[in-house]
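# Structural characterization, general
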Amino acid sequence: MDTWSGPGSAPTRRREQILVEASRLFARHGFHGTSIDGIGSAAGVSGPAIYRHFPSKEGLLVEMLVGISEYLLDGGRRLADTHPAPTDRLTALVAFHVDFALHRPELISVQDRDLANLPDDARRRVRALQRAYVEVWEDAIARSGPERSTDEVRIAAHAAFGLMNSTPRSAAHTTPATAAPVLTAMVEAALRSETAADAAPVATAPAGGS
């Protein structure tokens with residue numbers, strides 16, 4: 001998206017409105033189950049009018065998924081730059097992604113379902129942007145909390161995304177205001193806990209056991 005109005009804010013231009021409505025329809029019906037006419041109807045324009053903004057339905061999907069990946073990476077890097085203290089940085093990253101996940105859950109669904117429908121070059125671009133975004137998180141996790149191995153940091157980052165990106169299911173029947181503090185607390189607790197090896201008690205055989 002050449003302009004992303006941000007999670008929770010209303011789209012300010014026709015192009016953004018088309019992207020928002022298309023993401024909702026793709027999430028509900030899938031890329032192949034959504035027509036240009038259906039997108040136009042949802043956005044309040046004729047189907048053919050969409051071609052004034054996007055070259056094709058595939059081009060719309062490209063801009064949607066590449067655009068949101070760029071938005072997340074830019075936001076993550078900005079927070080890393082403006083929050084030098086590791087714990088503050090991690091708190092800001094959690095709040096940023098939780099806000100996105102709660103206000104744009106349809107984009108998570110589209111990413112999960114329709115990434116394979118992107119052309120090869122666009123799919124590689126999305127993957128590269130996602131890897132860079134994960135690296136921002138891994139750096140923040142590694143700098144805060146207990147010392148962890150590279151593998152443990154990577155697992156922690158992906159586990160956090162698993163929690164936050166559950167919103168199409170976990171928060172589908174509630175409001176962002178209700179879900180945000182619950183989800184935020186769960187993610188922060190998971191990221192700042194000790195490693196499993198350090199936290200787990202050592203199992204011992206009961207007295208008299210065989």
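What comes next concerns the included structure. What you see is a predicted model, and the numbers here were worked out from it, not measured in a lab.

## Considering the overall build of the chain
- Looking only at helices and strands, one finds ten helices and zero strands in the chain.
- Listing each helix as α and each strand as β along the chain from the N terminus yields α-α-α-α-α-α-α-α-α-α.
- With 210 residues in all, the chain has 45% of them scored as buried.
- Accessible surface, the chain as shown: approximately 10900 Å² in total, 53% of it carbon and sulfur.

## Considerations on the packing of helix H3 (residues 57-82) against helix H6 (residues 120-143)
- Look at H3 against H6: their axes get within 9 Å of each other, and the N-to-C directions meet at 20°. With respect to their mutual orientation, H3 and H6 come out roughly parallel. Every pair of crossing elements has a handedness; the one defined by H3 and H6 is left-handed. Between H3 and H6, the residues in contact are Val62, Leu65, Val66, Ser69, Glu70, Leu72, Leu73, Gly76, Arg77 and Ala80 and Ala122, Arg125, Val126, Leu129, Gln130, Ala132, Tyr133 and Val136, respectively.
- For the contact of H3 with H6, the residue count by class is twelve nonpolar, three polar and three charged.

## Observations regarding the environment of Pro176
- Assignment of secondary structure puts Pro176 in helix H9 (residues 176-192).
- Pro176 sits in the partly exposed class, given a relative accessible area of 30%.
- Sequence separation of Pro176 and Val98 is 78 residues, and the distance between their C-alpha atoms is 9.2 Å.
- Not counting residues within four places of it along the chain, the set of residues in contact with Pro176 comprises Leu102, His103 and Pro181.

## Observations concerning the pattern of salt bridges
- Counting across every chain of the model gives nine salt bridges.
- The salt bridge partner of Arg13 is Glu16, with a shortest N-O separation of 3.9 Å.
- On the accessibility criterion, Glu16 (5% relative accessible area) is buried.
- Among the ionic contacts, a cluster of salt bridges with common partners joins Arg89, Asp139 and Arg143.

## Overview of the side chain of Ser69
- Looking at the element boundaries, Ser69 is found in helix H3.
- Residue classification places Ser69 among the buried residues on the basis of a relative accessible area of 6%.
- Those residues in contact with Ser69, other than ones at most four positions away along the chain, are Val126, Leu129 and Gln130.

## A few points about the packing of aromatic side chains
- Inspection of the entire model under this criterion finds five aromatic pairs.
- A centroid spacing of 5.7 Å and a plane angle of 40° characterise the contact between Tyr133 and Phe161, whose relative ring orientation is tilted. Taken together, the residues span a long stretch of sequence, with Tyr133 in helix H6 and Phe161 in helix H7 (residues 150-164) at a distance of 28 residues. Side by side, Tyr133 and Phe161 carry an identical accessibility label, which is buried.
- Cluster of aromatic residues (ring-pair linked, three or more members): Tyr133, Trp137 and Phe161.
- Seen from the ring of Phe54, Arg15 lies directly overhead, with NZ or CZ sitting 4.5 Å from the centre.

Criteria and thresholds
Residues numbered from 1 in each chain as written. Predicted model: local features only at pLDDT ≥ 70, side-chain atom pairs only at ≥ 80, totals over all residues. Heavy atoms only, no water. Helix = DSSP H or I, 4+ residues; strand = E, 2+ residues; numbered from the N terminus. Buried < 20%, exposed > 50% of the residue type's maximum accessible area, 1.4 Å probe, protein only. Areas by Shrake-Rupley, 256 points an atom, 1.4 Å probe, with all protein chains shown as cover. Axes fitted to C-alpha atoms, helices over the stretch in contact; angles between N-to-C directions. Parallel < 35°, antiparallel > 145°, perpendicular 65-115°, else oblique. Left-handed = near helix turned anticlockwise from the far one by under 90°. Contact = heavy atoms within 4.5 Å. Nonpolar A, V, L, I, M, F, W, Y, C, P; charged D, E, K, R; others polar. Salt bridge = Lys/Arg side-chain N within 4 Å of Asp/Glu carboxyl O. Phe/Tyr/Trp six-rings, centres within 6.5 Å; stacked < 30°, edge-to-face > 60°. Lys NZ or Arg CZ within 6 Å of the ring centre and 35° of its normal.

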